[in-house]
Structure formats: C-alpha cells, structure tokens
Amino acid sequence: MRAFPDVNLRALRYFEALGTELNYRRAAEKLFITQPALSAAIQNLERVIGDRLFDRNTRSVTLTATGREWLPHVRRALTEVDSALEAVAMLVDYAHVRLGYLIGTGADLLFQLLDGVESAFPDITIETLEYDFSDPTAGLASGATDIALLRPPVDVPDMEMAIVAEESWVACLPRAHRLAGRSELRIEELLDEPIVVAPKSAGRWREYWYAADARGGVPPQIAAEAATYESEATLVARGVGISFTTSSMVRLYDRPGIQFVPITNRPISYTAVAWRPDRLTTPSRRLVEHMISGSPRPKPRH
C-alpha cells in the first residue's frame, strides 16, 4: 500500500487560502493568524509533500505547477470535509442556538417572537446576545450567531430573512431645535443638520440611517458617532446634532431634552428574523420557523 504524506486539515486550509488570495497578508487575515505563522505552515507543508507549492518574491506570490494542479483537489476535499462536519452536526441535533438581536429590537418584539419556545422545544438551549450599532448584523456576518433579529439593510452574504415588524422614520431633535415644534417633517428639511451616526463598522446600515439616498452624493455633516440608542439620545439632548431613528424609539427612549417628529417621506423601516441557510442547524431552523409563526406581522421571506 502506498504511503501518503501526513498532512493535517489545517495545513490544507492554509494552502487553499493562500492559493486563492496569492497574498500572505490577505490570506492571514482571512485565517485569523499572523503572516509569519502562515509562512511557516506553508513551508512545513512543502517539506512534507516534497515539492514547492508557491513561487514568492518581494512583490508577488504565484502557484507553482504542482500548486496549480493540486489546488482543485484540495478545494474538493475541504468541501467534502465541511459537508461531513455539517452532516454530523445535524445527526447529533445540536441543541444550542445563538440568537443575536440589535439593540432596541429586543425590548419587546424578541420576547413576543420567543413566546412559548420553552414548552415547544424543551431540548433547545437559546443563548441571546445583544449587539450595538457597531455590528448591525447582530453577529450573523461573523458567524457569532446562528439567527439574528435585525433591521435591514445589512451586509451579510447569502442571507435570507422574514419581515416581522414595520416602523416609520422619525427625527430625534434637541427640544430647543427650531423644528422641534413641528407635527411632521420631510427629509429634505433635515439634510443640512449636523447628525449623529452609527460607527463606520456599520457599513451600509450607517449610510441608510443618515439617508444617503436622499443626499444626492453630498456627504452628511457628521457631528458624532454613537453605538447605542442611549448614547445617541444623550448626544441629541446635549444639542450635538440630530439623528434619524424608528417610531418605536419614541416609546422606548423618550426623555427630557429631546423631541421626536415623524418624517413623512421616508420608506418603511423593517425588522427581520435573518439567517444564513448554509449554516442553519436543525434546531436553529426549528427556532426560525417558531419565531416567524409568532410574528405580529409575518411577511414572505426574501
């Protein structure tokens, strides 16, 4: 029987990442390791198999003939391994589900969606994790959560979701603001105002909530960043700037020093139960179905 090199799964994943990126820095970031660690692992792999996989110099990294021929085989092998791991997860029916929710959405809606879950699924343990505006995907993008209660739009590849609530836009203004006494406003009246926005890590969600689509390419006058409704409301009350938020915040975060005024010409803001189908275990899928069925306003999946 032919003897094969003793290559571990981690080394194959390192080779696949570098073979795809052809850049040590990007590959190391993708793998969450340092560049020296990746370089050492690749050199060890080359020693084990007895041939070079990459040609590298100070400016570029390229696959050798052996590397080019072997890479498709490694990719197929890793796909099969991942499928096998997913299959065993389904077979043992992992009973721990991580449910992330964006701050503010969990105040009452989350409890409504989870109503009766203990009696319906006594074998499932649900870990709820609150996320602030620095990650509006509520852990779904990073894989830290299996299911998320969030407000789209968010940057999550291959995400599916079901709309469970609808809200309208409101302006959060300092109580002494010249427009605070109005009964309603149009978005155009607010675009020149200094605004409190989410952190840059929020990406498209941040742009959505400073109404980038209504600004005609003109950047907003950013007064400050806030990662929570609490800090956002405090900054507005101090007169640092205004902010845009949803109608539910009128009830949950009203306080002295701020005034909420409806904005009449903005699209509906949705709250959704979201998940990534390829990462959904059997218990997670059962919980998603339960949450959607308990929604006060269930909508078709997108």
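For the structure, see preceding data.
Thresholds applied
- Here, residues in each chain are numbered from 1, in the same order as that chain's written sequence.
- Reporting of local features is limited, given that this is a predicted model, to residues whose pLDDT is at least 70; pairs of side-chain atoms are given and counted only at 80 or more, and all residues count toward the totals for whole chains, interfaces and linings.
- With hydrogens and water stripped out, all remaining heavy atoms of the structure feed into the side-chain values.
- Where helices and strands are cited, they refer to DSSP runs of H or I of at least four residues and of E of at least two residues respectively, numbered from the N terminus.
- By the criterion applied in these results, polar contacts are pairs of N or O atoms within 3.5 Å in which, for protein atoms, one can donate a hydrogen and the other can accept it, and in which residues neighboring in sequence qualify only through two side-chain atoms.
- Working definition: rings of Phe, Tyr and Trp (its six-membered ring) pair if their centres are within 6.5 Å, and the pair is stacked with planes under 30 degrees apart, edge-to-face with planes over 60 apart, and tilted otherwise.
- Classification of residues uses two cut-offs on accessible area relative to the type maximum, computed with a 1.4 Å probe and protein chains only: under 20% is buried, over 50% is exposed, and between them is partly exposed.
- Our arc is simply the arc of the directions from the helix axis toward the C-beta atoms.
- Criterion used throughout: strands pair if DSSP finds at least two bridges between them.
- Axes here mean lines fitted to C-alpha atoms, for a helix over just the part in contact, with angles spanning 0 to 180 degrees between N-to-C directions.
- The scheme is simple: roughly parallel for angles under 35 degrees, roughly antiparallel for over 145, roughly perpendicular for 65 to 115, oblique for anything else.
- Throughout, a contact is declared for two residues whenever any of their heavy atoms are within 4.5 Å.
- Residues were grouped as follows: Ala, Val, Leu, Ile, Met, Phe, Trp, Tyr, Cys and Pro as nonpolar; Asp, Glu, Lys and Arg as charged; and all remaining residues, including Gly, as polar.
- To qualify as a nonpolar core, a set must consist of buried Ala, Val, Leu, Ile, Met, Phe, Trp, Tyr and Cys residues joined through side-chain atoms within 4.5 Å.
- Throughout this description, the term salt bridge denotes a Lys or Arg side-chain nitrogen within 4 Å of a carboxyl oxygen of Asp or Glu.

Asks: Quick one: what's the story with the side chain of Ser-243, residue by residue and with numbers?
Replies: As for its position among the elements, Ser-243 is in strand β10 (residues 243–246). Side-chain polar atoms of Ser-243 contact the side chain of Glu-232, separated by 2.7 Å.

Asks: Please give an account of the packing of aromatic side chains that cites residues and values.
Replies: Under the counting rule described, the total for this entry stands at nine aromatic pairs. Ring centres of Trp-169 and Tyr-208 lie 5.4 Å apart, and the angle between their planes is 70°; on these two criteria the pair is classed as edge-to-face. With a gap of 39 residues between them, Trp-169 in strand β7 (residues 169–174) and Tyr-208 in helix α7 (residues 204–209) connect regions that are remote in the sequence. With respect to burial, Trp-169 and Tyr-208 carry one shared label: buried. Ring pairing ties together the aromatic residues Phe-133, Trp-169, Trp-205, Tyr-208, Trp-209, Tyr-229 and Phe-244, which thus form one cluster.

Asks: Give a detailed account of helix α2 (residues 24–31), specifying residues and quantitative values.
Replies: Two residues of an α-helix separated by three or four positions point the same way, owing to the 3.6 residues in each turn. Three or more residues of α2 are buried, namely Tyr-24, Ala-27 and Ala-28. An end-on view of α2 places all buried positions within 100° of arc, on one side of the element. At the N-terminal boundary of α2, the capping side chain belongs to Asn-23, with an oxygen 3.0 Å from the backbone nitrogen of Arg-25. In the segment just after α2, Phe-32 is the residue with positive phi, at about 60°.

Asks: Can you explain the sheet that holds β7? Please cite residues and give values.
Replies: With respect to topology, three strands assemble into an open sheet ordered β10-β7-β11, the strand pairing being antiparallel. A single partner strand is all that each edge strand has here, and the edge strands are β10 and β11 (258–262). Direction aside, the axes of adjacent strands within the sheet are offset by 35° on average. Bridge count between β7 and β11: five bridges; the pairing is antiparallel. Bridging from a neighbouring strand, Leu-173 pairs with Gln-259 of β11.

Asks: I'd like a rundown of the sheet that holds strand β12 (residues 269–275), residues and numbers included.
Replies: Read across the sheet, five strands follow the order β4-β3-β5-β12-β6 without closing on themselves; strand pairing throughout is mixed. The two strands at the open ends of the sheet, each matched to only one other strand, are β4 (125–131) and β6 (160–167). Each strand of the sheet is rotated relative to its neighbour by a mean of 20°, with strand direction disregarded. With four bridges connecting them, strand β5 (residues 147–150) and β12 associate as antiparallel partners. When the sheet's bridge partners are listed, Ala-148 is paired in β12 with Ala-274.

Asks: Talk me through the packing of helix α1 (residues 9–21) against helix α3 (residues 35–49); I want residue IDs and the actual numbers.
Replies: The N-to-C vectors of α1 and α3 enclose an angle of 110°; their axes lie 10 Å apart at closest approach. One element, α1, and the other, α3, form an angle in the roughly perpendicular class. From α1, Ala-11, Tyr-14, Phe-15 and Leu-18 reach across to α3, where they touch Leu-38, Ala-41, Ile-42 and Leu-45. Looking at the contact of α1 with α3, its residues break down into eight nonpolar, no polar and no charged.

Asks: I'd like to hear about the environment of Pro-267, residue by residue, with values.
Replies: Of note, Pro-267 is situated in the loop between β11 and β12. Accessibility expressed as a relative area gives 41% for Pro-267, which makes it partly exposed. A sequence separation of 98 residues divides Pro-267 from Trp-169, and the C-alpha atoms of the two residues are 7.7 Å apart. In this view, Pro-267 contacts Trp-169 and Tyr-208; residues no more than four positions away in its chain are not counted.

Asks: Any details on the nonpolar core? Residues and values, ideally.
Replies: Counting 39 residues, the largest nonpolar core has Met-159, Leu-173, Leu-190, Trp-205 and Phe-244 as its most contacted members. Counting residues per element, the ones that place at least two in this core are β5, β6, β7, β8 (195–197), α7 and β12. Residue contacts for Trp-205: discarding those within four places in its chain leaves Leu-102, Phe-133, Pro-136, Arg-151, Pro-153, Val-154 and Ala-198. Ranked by size, the runner-up nonpolar core spans 22 residues in total, among them Leu-149, Ala-165, Val-273 and Leu-280.

Asks: Kindly report on the pattern of salt bridges, identifying the contributing residues and their values.
Replies: Summed over all chains, the structure comprises 17 salt bridges. Residue Lys-30 pairs with Glu-21 through a salt bridge whose shortest N-O separation is 3.9 Å. Among the residues examined, Lys-30 registers a relative accessible area of 43% and is labelled partly exposed. A residue is classified by how much of its surface remains accessible, and Glu-21, at 23% relative accessible area, is partly exposed. Asp-155 is the salt-bridge partner of Arg-204, the closest N and O atoms lying 3.1 Å from each other. Highlighted residues: Arg-204 in helix α7 and Asp-155 in the loop between β5 and β6, separated in sequence by 49 residues. Using a relative accessible area of 40% as the deciding quantity, one classes Arg-204 as partly exposed.

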